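Geometric and topological summary
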Amino acid sequence: VELSNLAIYDELFDSSFDEKGIELVTQILQERTEELDECSIVISHRKESIKAVTGEVIFIEKENGISRRVDYNEQ
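Because the structure is predicted, anything quoted here is derived from the model rather than measured.

**Looking at the side chain of Thr26**
Of note, Thr26 is situated in helix α1 (residues 19–36). We classify Thr26 as buried; its relative accessible area is 10%. A polar contact of 2.7 Å, which involves the side chain of Thr26, links it to the backbone oxygen of Ile22.

Take a look at the structure:
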């Protein structure tokens, strides 16, 4: 698989965005995906940012120095 339009955003939602800000940024990312056929990866430590996701979500937890993928059960 060739990915020529890949954008990775590290902690994009972890700054001072409120819920409306996250919504607006998500809308921009969706537009880029549609218009530029861009694949966006957003890394976040804020669990509430899950509400903005429109694609696949992967959760990683670190325990005793070991990172592993975990299932997310929405509460």
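**What to know about a nonpolar patch on the surface**
On the surface, Leu6, Ile8, Ile41 and Ile43 cluster together to form a nonpolar patch covering roughly 330 Å² of accessible area. Listed by contribution, the elements that provide at least two residues to the nonpolar patch are β1 (6–10) and β2 (39–43). When you line up the elements, Ile43 lands in strand β2.

**Details of α1**
Three- or four-residue spacings in an α-helix give side chains the same orientation, since the helix completes a turn every 3.6 residues. Spanning 18 residues, α1 covers 25 Å between terminal C-alpha atoms, matching the ideal 26 Å at 1.5 Å per step. Buried within α1 we find Gly21, Ile22, Val25, Thr26 and Leu29. Looking straight down α1, one finds that the buried residues subtend no more than 130 degrees of arc, so they occupy a single side. Exposed side of α1, more than 90 degrees from the buried face: Glu34 and Glu35 are the residues found there. Lining the buried residues of α1 we find β1 and β2. Phi turns positive one or two residues past the end of α1, at Asp37, with a value near 50 degrees.

Conventions adopted
- Residues numbered from 1 in each chain as written.
- Predicted model: local features only at pLDDT ≥ 70, side-chain atom pairs only at ≥ 80, totals over all residues.
- Heavy atoms only, no water.
- Helix = DSSP H or I, 4+ residues; strand = E, 2+ residues; numbered from the N terminus.
- Buried < 20%, exposed > 50% of the residue type's maximum accessible area, 1.4 Å probe, protein only.
- Polar contact = N/O pair within 3.5 Å; in protein donor to acceptor, adjacent residues only side chain to side chain.
- Patch = residues over 30% accessible without salt bridge, like charges linked within 9 Å, V, L, I, M, F, W, Y side chains within 5 Å.
- Areas by Shrake-Rupley, 256 points an atom, 1.4 Å probe, with all protein chains shown as cover.
- Salt bridge = Lys/Arg side-chain N within 4 Å of Asp/Glu carboxyl O.
- Expected span 1.5 Å × (residues − 1).
- Arc of directions from axis to C-beta.
- Contact = heavy atoms within 4.5 Å.

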